Amino acid sequence: NLTVKKTSKFTVFDPSNKPRKSSHAKEGKKVAQISIKVPIFHEKNLKKSENTLEERFELCRSVAEECIQEEELLALLKAKQNPVVYDGFEPSGRMHIAQGVMRAINVNKLTKAGCHFKFWIADWFAQLNNKMGGDLKKIQVVGMYMIEIWKAVGMDMQNVQFLWASEEINKRPDEYWTRVMEVARLNSVSRIQRCCTIMGRAETEEMSSAQVFYPCMQCADVFFLKADICQLGLDQRKVNMLAREYCDLTKPKIKFKPIILSHHMLAGLKEGQEKMSKSSPDSAIFMEDTEEDLARKVKKAFCPPEVVEGNPVLDYCKNIIFGFFGEMKIVYKDEEKIYSDYSSMEEDYVNGKLHPSDLKPAVIQCLNKILQPVRDHFASG
């Protein structure tokens, strides 16, 4: 049985995590309705990091494929014990494993570094983007479902704050909409339209006026939330750069620009898919996938022997499995081997010692171990 590796430098899930009792909903059995609430947050309870400045920097830097700028990040951590990190998400349907597990891994690293992580639950943004048919109540139910997944998968909620965009904006409308209008006024239509890819839409795609307004609002969010760090995916880079540019355009100029930590985009499971797609269910593992669905998807996944580039199964190993457990066990025909780091496993794969037929069963086992507490959580009602 796999256990969370206590000595893994960046694996910050609780090693004492005890297995939950499996509970499966019986067919025809009514499931009691429950009230799902956002975890209570008190700023006075913010936890400071026990790590050194260099360790805090390394933890923060490790979540990002790109950092703008490293010297600014180091200066920020030196100046603040609890810098504010922001990520916004649209409650827009099923949660895939990158949003569920990778996000939890990254949040746990950042809060271990002392960061105050603000989740901006972008319900109004989802409505602008016509998610869930534009029905705000349905969007908010999806938002609560996503929070429950993060709790079940092991996100440390100590320094985490969830904020509903619709509620927070209505508390301070003058401050918010004044900022949005200024962002819109200081930028050309073409500059804003270049950011519309953040919604998963092409720059040339026809959009509603509300959708064109979306990047102005997302840029304003950074300052409304008093974020020191924007920690979103590489697909959100354009609007994060817009926020940094805005600091020079507004008067007076904003001295301390938001630092951008852009995390890796997990590849889709099919050949040539640079990122997962909810519109293509077999391109991704979803957080509520059954064991059978997960196994079927991994078995069918593109995984060319001795090739690392564009190999989604190795991408899952590096960013999900090693990120969560800190190690991975492979059962060969004549031996078992526990890899304590991804690079040594990749080396064996490139050399042909590790074959897809040995790798995939181990990936299935590891992913099922990660997802089982989520399945149990929802099965229990």
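Conventions we followed
Residues numbered from 1 in each chain as written. Predicted model: local features only at pLDDT ≥ 70, side-chain atom pairs only at ≥ 80, totals over all residues. Heavy atoms only, no water. Helix = DSSP H or I, 4+ residues; strand = E, 2+ residues; numbered from the N terminus. Contact = heavy atoms within 4.5 Å. Areas by Shrake-Rupley, 256 points an atom, 1.4 Å probe, with all protein chains shown as cover. Salt bridge = Lys/Arg side-chain N within 4 Å of Asp/Glu carboxyl O. Buried < 20%, exposed > 50% of the residue type's maximum accessible area, 1.4 Å probe, protein only. Pairing = 2+ DSSP bridges.

(A) Examining the overall build of the chain more closely. A tally of helices and strands in the chain yields 14 helices and eight strands. Of the contacts formed within the chain by residues at least 6 apart in sequence, a portion of 74% connects residues at least 24 apart. Accessible surface, the chain as shown: approximately 18700 Å² in total, 51% of it carbon and sulfur.

(B) Geometry of the pattern of salt bridges. The full count for this structure, using the stated rule, is 22 salt bridges. With its nearest N and O atoms 4.0 Å apart, the salt bridge here joins K353 to E335. Of the two residues, K353 is situated in the loop between α13 (342-350) and α14 (356-379) and E335 in the loop between β7 (328-331) and β8 (336-339); the sequence distance between them amounts to 18 residues. On the basis of relative accessibility, which here comes to 42%, the residue K353 falls in the partly exposed class. Classification of E335 as partly exposed rests on a relative accessible area of 36%.

(C) Structural context of the pairing of strand β6 (residues 259-262). Residues I259 and L261 point to one face of β6 and I260 and S262 to the other, with burial holding for every one of them. Pairing geometry for strand β1 (residues 66-68) and β6, over three bridges, is antiparallel. By the bridge assignment for β6, C67 is matched with L261. Judged from the two bridges that link them, strand β5 (residues 229-230) and β6 form a sheet pairing that is parallel. Residue C230 lies in a different strand from β6, and its bridge partner there is I260.

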